[in-house]
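Each chain is listed here by its residues.
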Amino acid sequence: IISLVILFAKYKSAMEYEMNAKADKVDRTEPTVMENVTQTEFISAIKASRFEEKDEDLYKRKFSFSKDYLNYFVRFSPATDVQSDIERETKKIDSHGYKNQNKCLILVLTVDSVNEEQIAAMREFNKIFIVAESSMPRSRFDSAVCMLLETGTRKLYMIETGKLSISVYAHGTRLIKKLIKG
């Protein structure tokens, strides 16, 4: 019994350490910037990859892994206040009846010119999902990836987790890179 108590006490410390280490790593990660990306080309690429248009500027594709499945949503939205835009768009997806399903929202916020405050808001939002997926076991996958599309320079900004990550978040970023690069 004592060994179980010690195990659980150390487990909490280990989880906290892992979460803090992952959060620090995300804080140090520079955003990936993809050049020459327009919303029109982005939409053409996702439609060519069998994403269905569900709503204005909302596209869905269901991936199946044996008997499990994962719904990917791509939502385009003009950004005014990145933090409130993110909250509004994630609530919209849940209101469409996908609340209790395995899903990943890829939110592409369009801005005229990206600034450091917007990059910081994007990083903080993405950090929540990166840390949660890598540190907390869950029975249902629910993730989101926020990206900034700068319309003036045609640059797409995103935070990546690395090539070896198998999280839903990492798969979402790799999927978008693959679609855009063609």
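Residues numbered from 1 in each chain as written. Predicted model: local features only at pLDDT ≥ 70, side-chain atom pairs only at ≥ 80, totals over all residues. Heavy atoms only, no water.

1. Considering the nonpolar core
Link 1 in the chain: If you look at the biggest cluster of nonpolar residues, it comprises 49 residues, and the most contacted ones within it are Tyr-72, Val-74, Ile-106, Leu-156 and Ile-176.
Link 2 in the chain: Excluding residues within four positions of it along the chain, Ile-106 makes contact with Tyr-72, Phe-73, Val-74, Arg-75, Val-145, Met-147, Gly-172 and Ile-176. (Core = buried A, V, L, I, M, F, W, Y, C linked by side-chain atoms within 4.5 Å. Buried < 20%, exposed > 50% of the residue type's maximum accessible area, 1.4 Å probe, protein only. Contact = heavy atoms within 4.5 Å.)

2. As for the side chain of Thr-161
Link 1 in the chain: For Thr-161, the location among the structural elements is in the loop between strand 7 (155–158) and helix 5 (168–181).
Link 2 in the chain: Apart from the residues lying within four places of it in its own chain, the contact partners of Thr-161 are Ile-130, Tyr-169 and Ala-170. (Helix = DSSP H or I, 4+ residues; strand = E, 2+ residues; numbered from the N terminus.)

3. With respect to unusual backbone geometry
Link 1 in the chain: For Asn-36, which is not a glycine, the phi torsion comes out positive at approximately 55°.
Link 2 in the chain: Relative to the elements of secondary structure, Asn-36 occurs in the loop between strand 1 (32–34) and helix 2 (39–48).
Link 3 in the chain: Positive phi, normally seen in glycine, also occurs at Asp-57, with a value near 60°.
Link 4 in the chain: Its place among the elements puts Asp-57 in the loop between strand 2 (52–55) and strand 3 (58–65).
Link 5 in the chain: Among the residues examined, Asp-57 registers a relative accessible area of 21% and is labelled partly exposed.

4. What to know about the confidence of the model for the protein
Link 1 in the chain: Averaged over the protein, the pLDDT score is 82; the fraction of residues at 70 or greater is 83%.
Link 2 in the chain: By mean pLDDT, helix 1 (residues 2–28) is the weakest element of the protein at 71, and strand 7 is the strongest at 94. (pLDDT = per-residue confidence, 0-100.)

5. Regarding the pattern of salt bridges
Close approach of charged atoms lets side chains of opposite charge pair.
Link 1 in the chain: In total, this model carries nine salt bridges according to the counting rule given.
Link 2 in the chain: Ionic pairing is found between Lys-54 and Glu-52, a salt bridge with its closest N-O pair at 3.4 Å.
Link 3 in the chain: Of the residues examined, Lys-54 reaches a relative accessible area of 41% and is grouped as partly exposed.
Link 4 in the chain: We note a salt bridge from Arg-75 to Glu-89, for which the minimum N-O separation is 3.0 Å. Of this pair, Arg-75 sits in strand 4 (residues 68–78) while Glu-89 sits in helix 3 (residues 82–98), placing them 14 residues apart in sequence.
Link 5 in the chain: You can call Arg-75 buried: its relative accessible area is 5%.
Link 6 in the chain: On the basis of relative accessibility, which here comes to 2%, the residue Glu-89 falls in the buried class.
Link 7 in the chain: Overlapping salt bridges bring together Arg-75, Asp-85, Arg-88 and Glu-89 as one network. (Salt bridge = Lys/Arg side-chain N within 4 Å of Asp/Glu carboxyl O.)

6. Topic: the side chain of Thr-32
Link 1 in the chain: Checked against the element boundaries, Thr-32 lands in strand 1.
Link 2 in the chain: On the accessibility criterion, Thr-32 (19% relative accessible area) is buried.
Link 3 in the chain: Those residues in contact with Thr-32 that lie beyond four places of it in its chain are Leu-156, Tyr-157, Met-158 and Glu-160.

7. Here's the deal with the pairing of strand 6 (residues 142–150)
Link 1 in the chain: Counting buried positions along strand 6 yields eight of nine residues, so the element is predominantly enclosed.
Link 2 in the chain: Of the strand pairs in this sheet, strand 5 (residues 103–111) and strand 6 are connected by nine bridges, and their pairing is parallel. Across the sheet, the residue bridging to Ile-106 is Val-145, located in strand 6.
Link 3 in the chain: Pairing geometry for strand 6 and strand 7, over three bridges, is antiparallel. Bridging across to strand 7, Leu-148 finds its partner in Tyr-157.
Link 4 in the chain: What sits between strand 6 and strand 7 in their antiparallel hairpin is a turn of four residues, with Arg-154 showing a positive phi close to 60°. (Pairing = 2+ DSSP bridges.)

8. Observations regarding the environment of Thr-32
Link 1 in the chain: For the pair Thr-32 and Tyr-157, spaced 125 residues apart in sequence, the C-alpha to C-alpha distance is 5.7 Å.
Link 2 in the chain: At 2.7 Å, the side chain of Thr-32 and the side chain of Glu-160 are in polar contact. (Polar contact = N/O pair within 3.5 Å; in protein donor to acceptor, adjacent residues only side chain to side chain.)

9. Some thoughts on helix 2
Link 1 in the chain: Of all the positions in helix 2, only Phe-42, Ile-43, Ala-45 and Ile-46 are classed as buried. All buried residues of helix 2 fall inside an arc of 160° around its axis, so they share one side. Away from its buried face, by an angle of more than 90 degrees, helix 2 presents the exposed residues Thr-40 and Ala-48.
Link 2 in the chain: Phi turns positive one or two residues past the end of helix 2, at Arg-50, with a value near 70°. (Arc of directions from axis to C-beta.)

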